[in-house]
Amino acid sequence: MIESMNRVEIDLAALRSNCRALQEELREDVTRLLAVVKSDAYGHGMLPVARCLQDEGVHSFGVAEVHEGVLLRQAGISGDIIVFLGADEDCLAQVVRHNLQPVFFDSRQLAEISAFATAADARIGVHLKVDTGMGRLGILPDEVAGYLRQVEKASGVYLAGIMSHFPMADEPPVQPSVKQDALFKDIAAQSFHAGENRPLAHIANSAAMLRFPDMQMDMVRPGISLYGCNPLDSTLFCRAELAPVMSFKTKVIQVKDVPAGFPVSYGHTFTTSRPSRLAVLPVGYHNGYLRVMSNRSQVLIRGQRAPQRGRVCMNATVVDVTDIAGVEPGDEAVLMGRQGRDEISAGEVAGWMDTIHYEVLCLFGNSNRRVYIS
Ligand SMILES: *Cc1c(COP(=O)(O)O)cnc(C)c1O
């Protein structure tokens, strides 16, 4: 089969190494790791990522929606699968058939799960989502007691966990996270007592688990750090050594010498100020290389940085290679990742895109063919 000249490379060895680095950060025999693989594993491909992590001893996986959990089961993932956005009524048969653990935040929703599971003679684990300060999904803290009574009385379900989420664990101010942690620990302490089969209390994402180890509780839910990105603000120290898993590569399809005063691409937003050598790349916003990066980004060719010039088009982008010796059609161009001794990180691309590295990974990974290397 003939494939696109653009490819996203997924380095499974880096994924394994990040998983081990995170496991080293866990409080031994206390905290377990749930790998967040929603959104096609942040663009890395949910199934190969989950299989690789299962081989590394990960037993819990987090997805956004039920259909993702079904795909994991069909691919042979056997551990706990937690569905962050809960189970819509239409999905209950799948939840029961594949033994998924939906998050719940609404009492009618819990009643529906209970009725369905009871009729199917099943017992489904559910996780209660509490909004301790995220200001998004979840019940408010003063509703917890009522919900716990409802779960206890309901047949066909058991409380597998109680969870919350941090909105600011990656940012310099510590106080919002400290406050939420205290509130959540209080809720957990009042909700159940220590013991063998008690529900899991979990609140920490990548940033919180690395920055505040005493907020790890029974389980942590890293996503971005598994994929090798530093989850913390650049002013904060990251304890774990993480290696980027994704890179994005293309190749030069034309090289040409042009005079000074030569306008480049749609709208002529760039004009050469000196005799220049330009290289054309077969990549554009169709591939997630967004137009907002026009005249802002850089790519690596022959180990050096080539600045992008003129508008990024749907399938083409021009870079200036005047200062790089010997560039030829067929040369590899790295849009994100390492080449030679230099590296363009997801964070750097995010700066050119006015966004965060999470979005860059989803965009590049989910818009291009992926190649797995290990
Ligand atoms: C996406 C998500 C995470 C993972 O967050 P990272 O910042 O990528 O570590 C954890 N918990 C929930 C509920 C999520 O939706």
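Computed from a predicted model, the values in this text were never measured in an experiment.

### Quick notes on the overall build of the protein chain
Right, so step 1: The helix and strand inventory of the protein chain stands at 11 helices and 20 strands.
Right, so step 2: With respect to the three principal axes, the spread of C-alpha positions in the protein chain is 80 × 45 × 35 Å.
Right, so step 3: Positive and negative side-chain charges in the protein chain, numbering 36 and 43 respectively, have mean positions lying 5 Å apart.

### Focus: the pairing of strand S14 (residues 276-281)
Right, so step 1: Most of S14 sits inside the fold, with 5 of its 6 residues counted as buried.
Right, so step 2: Taken together, the 4 bridges between S14 and strand S17 (residues 317-320) define a ladder with antiparallel strand orientation. Counterpart to Leu281 in the pairing with S17 is Thr317.

### Describing the pattern of salt bridges
Right, so step 1: Tallied over the full model, the rule gives 21 salt bridges.
Right, so step 2: We note a salt bridge from Glu56 to Arg20, for which the minimum N-O separation is 2.8 Å. In this pair, Glu56 is assigned in the loop between helix H3 (46-55) and strand S3 (60-63) and Arg20 in helix H1 (residues 12-24), connecting sequence segments 36 residues apart.
Right, so step 3: Taking the relative accessible area as the measure of exposure, Glu56 reaches 16% and is therefore buried.
Right, so step 4: Look at Arg20 and you get partly exposed, because its relative accessible area is 46%.
Right, so step 5: Salt-bridge contacts for Lys249 lead to Glu332; the nearest nitrogen and oxygen are separated by 3.8 Å. Of this pair, Lys249 sits in strand S10 (residues 246-251) while Glu332 sits in strand S18 (residues 332-339), and the two are 83 residues apart along the sequence.

### Observations regarding helix H7 (residues 144-153)
Three- or four-residue spacings in an α-helix give side chains the same orientation, since the helix completes a turn every 3.6 residues.
Right, so step 1: Where H7 is concerned, the buried positions are Val144, Tyr147, Leu148 and Val151. Around the axis of H7, the buried residues are gathered within 100° of arc, so they sit on the same side. Every exposed residue of H7 that faces more than 90 degrees away from the buried side is listed here: Arg149 and Lys153.
Right, so step 2: Where the residues of H7 are buried, they touch strand S5 (101-104), helix H6 (107-119), strand S6 (124-129), strand S7 (157-163) and helix H8 (175-191).

### Quick word on the site of the ligand
Right, so step 1: Lining the immediate environment of the ligand, one finds Val36, Lys38, Tyr42, Phe84, His165, Asn205, Ser206, Arg221, Pro222, Gly223, Ile224 and Tyr358.
Right, so step 2: The contact in question runs from a nitrogen atom of the ligand to an N or O atom on the side chain of Arg221, over 2.9 Å.
Right, so step 3: Within the backbone of Ile224, a nitrogen or oxygen atom sits 2.8 Å from an oxygen atom of the ligand.
Right, so step 4: When the ligand is considered free in solution it has 390 Å² of accessible area, and contact with the protein chains removes 92% of it.
Right, so step 5: Its atoms largely coinciding with the cavity grid, the ligand occupies the largest pocket.
Right, so step 6: For the shell around the ligand, a count of residues per class yields 6 nonpolar, 4 polar and 2 charged.

### Thoughts on the layout of surface pockets
Right, so step 1: Looking at the largest pocket, its volume works out to about 650 Å³.
Right, so step 2: Contributing to the lining of the largest pocket are 27 residues, with Lys38, Arg136, His165, Asn205 and Tyr358 lying nearest its centre.
Right, so step 3: Secondary-structure elements contributing two or more residues to the lining of the largest pocket are helix H2 (38-43), helix H9 (206-211) and helix H11 (357-367).
Right, so step 4: Class assignment of the residues belonging to the lining of the largest pocket gives a composition of 16 nonpolar, 6 polar and 5 charged.

### What about the packing of H3 against helix H4 (residues 66-74)?
Right, so step 1: Two elements in contact, H3 and H4, have axes whose closest approach is 10 Å; the angle formed by their N-to-C orientations is 55°. It follows from the interaxial angle that H3 and H4 lie oblique. Crossing geometry of H3 relative to H4 is assigned as right-handed. Residues Met46, Leu47 and Ala50 of H3 touch H4, and the partners they reach there are Glu68, Leu71 and Leu72.
Right, so step 2: When the residues that make up the contact of H3 with H4 are grouped by side-chain class, the tally is 5 nonpolar, no polar and 1 charged.

### Some details on the packing of H1 against H3
Angle between the axes and distance between the axes are the two parameters that describe a pair of packed helices.
Right, so step 1: In contact at an axis separation of 10 Å, H1 and H3 are set at 50° when each is read in the N-to-C sense. For the element pair H1 / H3, the angle class is oblique. Pair H1 / H3 crosses with right-handed handedness. Facing Leu12, Leu15, Arg16 and Cys19 of H1, the residues of H3 in contact are Pro48, Val49, Cys52 and Leu53.
Right, so step 2: The residue makeup of the contact of H1 with H3, split by class, is 7 nonpolar, no polar and 1 charged.

Calculation notes
Residues numbered from 1 in each chain as written. Predicted model: local features only at pLDDT ≥ 70, side-chain atom pairs only at ≥ 80, totals over all residues. Heavy atoms only, no water. Helix = DSSP H or I, 4+ residues; strand = E, 2+ residues; numbered from the N terminus. Lys, Arg positive; Asp, Glu negative; His and termini not counted. Charge placed at Lys NZ, Arg CZ, Asp CG, Glu CD. Buried < 20%, exposed > 50% of the residue type's maximum accessible area, 1.4 Å probe, protein only. Pairing = 2+ DSSP bridges. Salt bridge = Lys/Arg side-chain N within 4 Å of Asp/Glu carboxyl O. Arc of directions from axis to C-beta. Contact = heavy atoms within 4.5 Å. Near = heavy atom within 4 Å. Polar contact = N/O pair within 3.5 Å; in protein donor to acceptor, adjacent residues only side chain to side chain. Areas by Shrake-Rupley, 256 points an atom, 1.4 Å probe, with all protein chains shown as cover. 1 Å grid on protein atoms, 1.4 Å probe; cavity = no way out; pocket = protein on both sides within 12 Å on 5 of 7 lines; lining within 4 Å. Sits in = over half its atoms within 2 Å of the grid points. Nonpolar A, V, L, I, M, F, W, Y, C, P; charged D, E, K, R; others polar. Points joined across faces, edges and corners; volume = space filled by probe spheres on them. Axes fitted to C-alpha atoms, helices over the stretch in contact; angles between N-to-C directions. Parallel < 35°, antiparallel > 145°, perpendicular 65-115°, else oblique. Left-handed = near helix turned anticlockwise from the far one by under 90°.

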